[in-house]
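Understanding the architecture of this molecule
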Amino acid sequence: MIKTALLNGSPRGERSASRMILDFMEELLPKEQYERRHFSLKTPNIDPTVLGEILSSQVLLIAFPLYVDGVPSHMIRWLMELERVFSLQVKSRPSVYALVNCGFYEADQTRVTLDILRNWCERAGLKWGQGMGIGAGGAFSTFRNTPMGKWPFRDLGGAMTAMGLNITKQVSGTDLFVSPDFPRVAYKVAVEYSWRRAIKHNGLKLRDLHRRIPLVRP
Amino acid sequence: MILLIHDLGAEEAKRLESTYATETVVVSDDGTIRHCVGCFGCWTKDPGSCVIKDKYSDMGALLGACTQLHIVSRCVYGGFSPFVKNVLDRSISYVHPDLRMREGQTHHRLRYDRPFRISVWFYGEGITENERETALRLLKANSINMGCPLDGVRFVESTVNLNGEGVVSDQNCIAQW
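A brief report on the enclosed structure follows.

Criteria and thresholds
- Residues numbered from 1 in each chain as written.
- Chains lettered and ligands numbered in written order.
- Predicted model: local features only at pLDDT ≥ 70, side-chain atom pairs only at ≥ 80, totals over all residues.
- Heavy atoms only, no water.
- Pairing = 2+ DSSP bridges.
- Helix = DSSP H or I, 4+ residues; strand = E, 2+ residues; numbered from the N terminus.
- Axes fitted to C-alpha atoms, helices over the stretch in contact; angles between N-to-C directions.
- Contact = heavy atoms within 4.5 Å.
- Buried area = accessible area lost by both parts, 1.4 Å probe.
- Salt bridge = Lys/Arg side-chain N within 4 Å of Asp/Glu carboxyl O.
- Polar contact = N/O pair within 3.5 Å; in protein donor to acceptor, adjacent residues only side chain to side chain.
- Buried < 20%, exposed > 50% of the residue type's maximum accessible area, 1.4 Å probe, protein only.
- Core = buried A, V, L, I, M, F, W, Y, C linked by side-chain atoms within 4.5 Å.

Points about the sheet that holds strand β3 (residues 59-65) of chain A
Residues and elements named next belong to chain A. The strand order across the open sheet built from six strands is β2-β1-β3-β4-β5-β6, with neighbouring strands paired in parallel fashion. The sheet is open, and its two edges are formed by β2 (34-40) and β6 (176-178), each paired on a single side. Between one strand and the next, the sheet's axes are offset by a mean angle of 15°, whatever the strand orientation. Relative to strand β5 (residues 127-134), strand β4 (residues 95-101) runs parallel, the two sharing seven bridges.

A closer look at the interface of chain A and chain B
How big an interface is tends to be reported as the loss of accessible area on association of its parts. At the interface, 50 residues of chain A touch 58 residues of chain B. A buried area of about 4500 Å², summed over both sides, lies between chain A and chain B, and 55% of it is on carbon and sulfur atoms. Counting across the interface, chain A meets chain B through six salt bridges. Here chain A is connected to chain B by 33 residue pairs in polar contact (both at pLDDT 80 or more). When contributions to the side of chain A that touches chain B are tallied by element, the ones reaching two or more residues are α3 (73-88), α4 (111-124) and α7 (184-201) of chain A. Ranked by residues supplied to the side of chain A that touches chain B, first place goes to α7(A) with nine residues.

Here's the deal with the side chain of B:His107
You can see B:His107 is positioned in strand β5 (residues 105-110). Residue contacts for B:His107: discarding those within four places in its chain leaves A:Phe104, A:Gln109, B:Asp98, B:Leu99, B:Arg100, B:Arg102, B:Ile144 and B:Asn145.

Thoughts on the pairing of strand β4 (residues 95-102) of chain B
Residue and element names in this part refer to chain B. Counting buried positions along β4 yields six of eight residues, so the element is predominantly enclosed. In this structure, β4 lies alongside β5, joined through five bridges in antiparallel fashion. The residue bridging Arg102 from the neighbouring strand is Gln105, located in β5.

Looking at the environment of B:Ala61
Mapped onto the secondary structure, B:Ala61 falls in helix α3 (residues 59-65). Judged by relative accessible area, B:Ala61 falls into the buried class, the value being 3%. Between the C-alpha atom of B:Ala61 and that of B:Arg100, which follows or precedes it by 39 residues, the distance is 21 Å. Setting aside anything within four residues of it in sequence, one finds B:Ala61 in contact with A:Ile213, A:Leu215, B:Gly48 and B:Tyr112.

Focus on the nonpolar core
Ranked by size, the top nonpolar core spans 111 residues in total, and within it A:Leu99, A:Trp120 and B:Leu3 carry the most contacts. For A:Leu99, the residues in contact, after removing those within four places along its chain, are A:Ile21, A:Met25, A:Leu61, A:Ile62, A:Ala63, A:Phe64, A:Met132, A:Ile134, A:Met160 and A:Met163. In this structure, B:Leu4, B:Ala13, B:Val72 and B:Val156 belong to the second largest nonpolar core, which totals 11 residues.

Here it is, written out as structure tokens:
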């Protein structure tokens, strides 16, 4: 059995797009060959048990949301600790496959973050497998019950199948960038509508969305 | 006003901060910062402020009020250190949740009218070429996303010689974008 750790770096945990993406990937790894275990890295607190499980895995599948063009801060702490312990470990080190979703439509906006992960692999002595950038991450909550490969996740389904194949063959691949199958303008309209619905749900006025906070000096 | 965000230890911080003029607000690591939980409350519950009420909850307003943003951060894999990134993650109330096109891609609409200028000093021993290249592209992305021009970035092995006024004026030391 190939021990595979599915690491969810979203602070939203089980309710996150990252978890949905990992669930999709899990289905592509035959359970007869892969021991697939999910771990949540939702806080910066390093759990030694989780750390031990990651260290003993042969494949790391990491998913998290793009935060300010980069890795969420709590995940950086995990990466630094993993670099430290992997550097001490002399036995075989896992291959890393990463999936980064962003709230912007263009999946390409995750490119720098995948490079940050690649640099981490270099420092930690890990083998970079493949990265995937996923655009329009806000669509995942709306289409929570849509199977991968069906609209609007047809292109994404194809990309995930390709990555899944690379994982099962234990080979590296070029990074993939994919967005759901609807136009950018439709995503923009849907996202902006969702913010207005949320602000009204929270008992505020639509104009509050534009609020500017005056700076009060301490 | 200059907003200085850094991750330096107490001694180095004291020395660096002493080189800045009084019109500077310093955001530093006192060990109490909490991480962004992705709730979007800073857009839909208390727009403009982070709903995690600690001393870092008004970062959006601080960015909206400053004319220059100075960041001093350890370079970690071509990105910011956990503390500096934490501050930036907690700063997204600076932008508006709506989307706008900038440089051919969707980015957030800006909440405040007046953009600040950004200068960054990445420090650390043995920063690799790949990390430098990644860091430069990261800063360009940040600059576009926040709608703020990047004055420059400088990579240094040590923070010993950093000097607030000196680095601001010493354009030769800053790689012009």
